[in-house]
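# Structural characterization, general
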Amino acid sequence: MSANTGSDGTSVRYECRVDVGAVTAIDMHVHLEVDDCGHVSMPEDIMEASSKYFKAEERTPSIDRIGEIYREQKMAAVVFTVDASTQMGHAPNSIDDLVAGCARNNDVLIPFGSVDPRKGPAALVEARRQADVLGVRGFKFHPSVQGFDPSDEQFRPLWAELEQIGLPCIFHTGQNGMGAGLPGGRGIKLKYSNPLLLDEVAADHPNLPIIMAHPSVPWQDEANSIATHKANVYIDLSGWSPKYFPESLVRQSNNVLSRKVLFGTDFPLITAEKWMRAFADLPLKDEVRPLILKDNAVRLLGLGSAADSTAGAQDA
């Protein structure tokens, strides 16, 4: 019997035990880069190139090590991997392993699932399995790494299924550290990570919560506009040190987007300690900081009652 199945041979189902009153922040963007069998999430050349790009210190911590790190920091974290098997020709990490690991650490870790949109109807079946059987609390997509245009009509059945499931979906947007510095960027196309491709998805599926991951450079104004216009669209602040955030993102996070912006690191590529030190220097209102660090995520993830859930504060 697998360590990640119950006594009856079924997959482990996640049940969240995060005490939101006991954590100081919720990191919405943490990667699990290795599963229980030692299989890594991406081909070796991409793993090496991204380590150099981000100057990562600990590239492949285990799920239990991630739990230890966030427990020590009194933070919770959303953890995921990416299924890019069609584009990369590389088997994804086990979602079942990821969920079982989060279940062992359910006081601090929250699992998101992942499916390969290019697998057609099979992706819908797998998304439903991950939600209903495994208990994932959301899904992660990386259009550039997975090689697909989110606005293409062939993917509408998947977004409709996910809207019915009702869990938030994180989409990578903007500049890409994966493939950076490799010839041709390892064939990874940045255009698929333009946030404007998500505007149509958000408009057609208003009950699907969409999180645009990262400052969306070079399309930050587009991302700001979409998050302002669409009640179901959010921005996570992962993948960049806050000291490099575009000025427009900081300004709007301080007012109109104060309830639409989420703390995220991109761990293990960026650590929470480094991110938080730079975040402390941003010119943000005192009342906005707790919204970004925890309250907005609590409301979006359905972890309990957060403060006022209106769409956002207006410019003072």
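Residues numbered from 1 in each chain as written. Predicted model: local features only at pLDDT ≥ 70, side-chain atom pairs only at ≥ 80, totals over all residues. Heavy atoms only, no water.

Under the defined criterion, the tally for this structure stands at 12 salt bridges. Between Arg13 and Glu15 there is a salt bridge; the shortest N-O distance is 3.4 Å. Taking the relative accessible area as the measure of exposure, Arg13 reaches 42% and is therefore partly exposed. Judged by relative accessible area, which is 40%, Glu15 ranks as partly exposed. Here Asp107 and Arg71 are joined by a salt bridge, their closest N and O atoms 2.8 Å apart. Here Asp107, found in the loop between α4 (95-104) and β3 (109-111), pairs with Arg71, found in helix α2 (residues 63-72); they are 36 residues apart in sequence, far enough to count as distant. One connected set of salt bridges, linked through shared partners, spans Asp96, Glu126 and Arg129. (Salt bridge = Lys/Arg side-chain N within 4 Å of Asp/Glu carboxyl O. Buried < 20%, exposed > 50% of the residue type's maximum accessible area, 1.4 Å probe, protein only. Helix = DSSP H or I, 4+ residues; strand = E, 2+ residues; numbered from the N terminus.)

Once that is clear, we can look at the side chain of His205. Relative to the elements of secondary structure, His205 occurs in the loop between α8 (196-204) and β6 (210-213). Engagement of the side chain of His205 in a polar contact is seen with the side chain of Glu163, the distance being 3.0 Å. (Polar contact = N/O pair within 3.5 Å; in protein donor to acceptor, adjacent residues only side chain to side chain.)

Let us look at the confidence of the model for the chain. Confidence in the prediction for the chain averages 88 pLDDT; 83% of positions are at 70 or higher. Low pLDDT, under 50, characterises residues 306-316; the stretch is placed with 21 contacts to residues that sit more than four places away or in other chains. (pLDDT = per-residue confidence, 0-100. Contact = heavy atoms within 4.5 Å.)

The next point concerns the packing of aromatic side chains. Applying the stated criterion to the full structure yields nine aromatic pairs. Taken together, a centroid distance of 5.8 Å and an interplanar angle of 90° make the contact between Tyr70 and Phe267 edge-to-face. With a gap of 197 residues between them, Tyr70 in helix α2 and Phe267 in the loop between β8 (261-262) and α11 (272-279) connect regions that are remote in the sequence. Tyr70 gets classed as buried once you look at its relative accessible area, which sits at 0%. The buried category is assigned to Phe267, whose relative accessible area is 5%. Through a chain of ring-to-ring contacts, three or more aromatic side chains come together here, namely Phe141, Phe148, Phe155, Trp159 and Phe171. Over the face of the ring belonging to Tyr234 we find Lys260, whose NZ or CZ atom lies 5.4 Å from the ring centre. (Phe/Tyr/Trp six-rings, centres within 6.5 Å; stacked < 30°, edge-to-face > 60°. Lys NZ or Arg CZ within 6 Å of the ring centre and 35° of its normal.)

Within a beta sheet, neighbouring strands are joined by backbone hydrogen bonds and run either parallel or antiparallel to one another. Reading across from one edge, β4-β5-β6-β7-β8 is the order of the five strands in this open sheet, with parallel pairing throughout. The open sheet has two edge strands, β4 (139-141) and β8, and neither has a second partner. As paired strands, strand β7 (residues 233-236) and β8 are joined by two bridges and run parallel to one another. The residue bridging Ile235 from the neighbouring strand is Val261, located in β8. (Pairing = 2+ DSSP bridges.)

Turning our attention to the pairing of strand β2 (residues 75-80). The buried fraction of β2 is high, at six of six residues. Neither face of β2 is open: one carries Met75, Ala77 and Val79, the other Ala76, Val78 and Phe80, and all of them are buried. Looking at chain direction, strand β1 (residues 25-31) and β2 are connected through five bridges and run parallel. From the neighbouring strand, Ala25 faces β2, where its bridge partner is Met75. Pairing geometry for β2 and β3, over three bridges, is parallel. Note that in β3 the partner of Ala77 across the bridge is Leu109.

Turning to the packing of helix α5 (residues 121-134) against helix α7 (residues 156-165), a few remarks are in order. As a packed pair, α5 and α7 sit with axes 9 Å apart at the nearest point and diverge in direction by 15°. Viewed along their axes, α5 and α7 adopt a mutual orientation that is roughly parallel. Taken as a pair, α5 and α7 cross one another with a handedness that is right-handed. The segment α5 lies against α7, with Ala123, Leu124, Ala127, Arg128 and Ala131 engaging Pro157, Leu158, Glu161, Leu162, Gln164 and Ile165. In terms of residue class, the contact of α5 with α7 is built from eight nonpolar, one polar and two charged. (Axes fitted to C-alpha atoms, helices over the stretch in contact; angles between N-to-C directions. Parallel < 35°, antiparallel > 145°, perpendicular 65-115°, else oblique. Left-handed = near helix turned anticlockwise from the far one by under 90°. Nonpolar A, V, L, I, M, F, W, Y, C, P; charged D, E, K, R; others polar.)

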